[in-house]
Amino acid sequence: MRYKDFSALTTVARLTGLARHPYDLTRPEALSPARLQSCKSSACGFDLLYATERLDDEVLAALQALADEAELVEQFMSMKRGAVLNRIEGFASEERQVLHTASRDIFTEQPHYPEATDKAKKELEKLRLFLEDLASGTLVNANGEPFTTLVQVGIGGSDLGPRALSLALQAYTLPGREARFIANVDPDDTAAILDGLDLGRSLFVIVSKSGTTLETLTNEELVRTALVRAGLEPKEHLLAVTGQGSPMDDSSRYLASFYMYDYIGGRYSATSMVGALTLGFILGYEALLEILRGAWEMDVVGEQTDIRKNLPLLMALIGVWNRNFLGCTTCAILPYSQALSRFPAHLQQCDMESNGKSVTRQGHAVEWKTGPIIWGEPGTNGQHAFYQLIHQGTEIVPVEFIGFRRNQRGLDIEVGQTSSQQKLVANMLAQSLALAQGKEDANPARRFPGNRPNLVLIAEQLTPYQMGALLALYEHRIAFQGFCWNINSFDQEGVQLGKVLATKLLHLLANRDKSAPAQVRTSTVEEALLQEAGML
Ligand code: G6Q
């Protein structure tokens, strides 16, 4: 397949023309029942309502043509079939397959890349037996007590997805189980998480694909020290998830070890062992399978060529419309579900690390905009905080609302004849309307300009299945956009320089000669910076 530059796609010129007069959402018929109905797509329990986006049938047809011309679905299929997509032609790069979908392609007789799916199944079976041993009391601590807490130690992709999902599904936690997370190398954070923890009844899973990440290895040592101080044998409490052959691939140091594979990128690893161990521990194996099933069903939806049927592709193209044609620099993801409080943070990494790129897959500078700035917080809290700028600021912020018709836990209350859940969803829909339609007012400070693009993603309830589907929906939205922009969404070269410089600074700190005169100590930029920061 020959990748085409975004600017070379003939449909781009057509869309540029259409963007001169984008659909006016303040028109009275913009949100008519007919338009609301026609601007709706559904899959895997989600309804996507996008009548509040600045597009009409002509734009949708052009976006379909864009998807066809750039062969977005073909690229997605080749990803699933194991093509080496993580590469920059002619330059040193990771040269890897991109096979996170293989970790959930377990519900079919004909997986797209059987070798990777077989390995995923093997790890899942190992996990199933491990969880069974914990549940049956075969695997207990030195005092014969069951383990109650699993602390995941990892950072970036080895933290954000699993953390977001664990929080999202806390309502389904098995009795007597909890998960905690240590990511930052900030010693106060680790201390706070260990505080009050019954170490004797805790397991710690050290998660690092490379097995070399400074923060994670430092925190592993901190945990080992805490266990020794408590008179416990670290090996009886430590688990590992790492890449085959990594420095952490040493079963003699861990109670149990699980593998993740180099063809699953960190930020796409939540459905591999990176997330599965912790999710399986708190939710049980069956609920874990439900997450995988939701993700898998969305993976199948991603194969549709009709953009109205392919939710991730449609969302990707709406994002491209807002970014490249309407000139929006950012995108807010606002879940009306407290359980999803860390999901925007996960998407922030997944999207910005994937699509925050400025060279093409051929190593040329891009001449078009790539990934927007992604951020978000749960509503309604955000309404009392930053929504002012979204409604009336000078920056247009496309919004993606996520909500659920039913809450997760039984507890709700009716006040003024409506339940809290109804209030939550009503607020979300009200925001969507207000942003789209705006409001005229003689008082300029009270005028709402409207025409602020947004969409609503709504499902019945945030269950393990729905969470898996939501995760995969966004993973594929991101990949489709990267394909469209002809960038490599699967490397992260931009995080390297800071790591190298931090290592240099730490080397200087470790070897500092306090007795040397100041001018001798400040011969390099790094030394001078440390000195000015009062660290040397
Ligand atoms: C994600 C990135 C990055 C990675 C972390 C942790 O896609 O590659 O966030 O997940 O740096 O890396 P390790 O798992 O190797 O410790």
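Residues numbered from 1 in each chain as written. Predicted model: local features only at pLDDT ≥ 70, side-chain atom pairs only at ≥ 80, totals over all residues. Heavy atoms only, no water.

Undergrad: Could you clarify how one ought to interpret the side chain of Q64 in this entry?
TA: Note on placement: Q64 falls in helix α3 (residues 57-69). A polar contact is formed between the side chain of Q64 and the backbone oxygen of T305, at a distance of 2.8 Å. Once residues within four sequence positions are removed from consideration, Q64 is found in contact with T305, D306 and I307. (Helix = DSSP H or I, 4+ residues; strand = E, 2+ residues; numbered from the N terminus. Polar contact = N/O pair within 3.5 Å; in protein donor to acceptor, adjacent residues only side chain to side chain. Contact = heavy atoms within 4.5 Å.)

Undergrad: Got a minute to help me understand helix α14 (residues 420-437) in this structure?
TA: Side chains that are three or four residues apart share a direction in an α-helix, a result of its 3.6 residues per turn. Along its 18 residues, α14 runs 25 Å from first to last C-alpha, staying within 8% of the 26 Å computed at 1.5 Å per residue. What α14 keeps buried is the set Q421, L424, V425, M428, Q431, S432, L435 and A436. Projected down its long axis, α14 shows its buried positions confined to an angular sector of 125°, all on one face. Buried residues along α14 sit in contact with α13 (387-392), β10 (399-404), β12 (418-419) and β13 (454-459). Within two residues after α14, G438 carries a phi angle of roughly 65°, on the positive side. (Expected span 1.5 Å × (residues − 1). Buried < 20%, exposed > 50% of the residue type's maximum accessible area, 1.4 Å probe, protein only. Arc of directions from axis to C-beta.)

Undergrad: Honestly, the sheet that holds strand β1 (residues 40-43) in this entry has me stumped. Any pointers?
TA: The pairing of strands in a sheet comes from backbone hydrogen bonds and takes either a parallel or an antiparallel form. Taken in spatial order, the six strands make up an open sheet running β1-β2-β13-β10-β8-β9, and their pairing is mixed. Bordering the open sheet on either side are β1 and β9 (373-375), each of which pairs with just one other strand. Neighbouring strand axes in the sheet, compared pairwise and without regard to direction, differ in orientation by 15° on average. Contacts between α14 and the sheet are confined to β10 and β13, with β10 contributing the most and set at about 160° to the helix. (Pairing = 2+ DSSP bridges. Axes fitted to C-alpha atoms, helices over the stretch in contact; angles between N-to-C directions.)

Undergrad: So what exactly am I meant to see when it comes to the packing of aromatic side chains here?
TA: Each aromatic ring pair is specified by the distance between its two centres and by the angle formed by the two planes. By the definition in use, this model includes 15 aromatic pairs. Taking 5.6 Å as the distance between ring centres and 10° as the angle between the ring planes, the aromatic pair formed by Y261 and Y263 counts as stacked. For the pair shown, Y261 and Y263 are each scored as buried. The positively charged end of R35 is found above the aromatic ring belonging to Y23, 3.9 Å away from the centroid. The side chain of R177 reaches across the aromatic face of F281, ending 4.4 Å from its centre. (Phe/Tyr/Trp six-rings, centres within 6.5 Å; stacked < 30°, edge-to-face > 60°. Lys NZ or Arg CZ within 6 Å of the ring centre and 35° of its normal.)

Undergrad: I would appreciate a short explanation of the site of the ligand in the present structure.
TA: Close contacts around the ligand come from 13 residues, with S158, S208, S210, T213 and Q349 the closest. The separation between an oxygen atom of the ligand and a polar side-chain atom of S210 is 2.7 Å. With respect to the ligand, the side chain of E353 contributes an N or O atom lying 3.3 Å from an oxygen atom. Considering the ligand on its own, with 400 Å² of exposed area, one finds that the protein chains cover 85% of that surface. (Near = heavy atom within 4 Å. Areas by Shrake-Rupley, 256 points an atom, 1.4 Å probe, with all protein chains shown as cover.)

Undergrad: Would you explain the environment of L317 in this entry?
TA: Within the secondary structure layout, L317 lies in helix α11 (residues 311-325). For the pair L317 and I307, spaced ten residues apart in sequence, the C-alpha to C-alpha distance is 8.5 Å. Setting aside its immediate chain neighbours within four residues, L317 contacts L63, L66, A67, L72 and I307.

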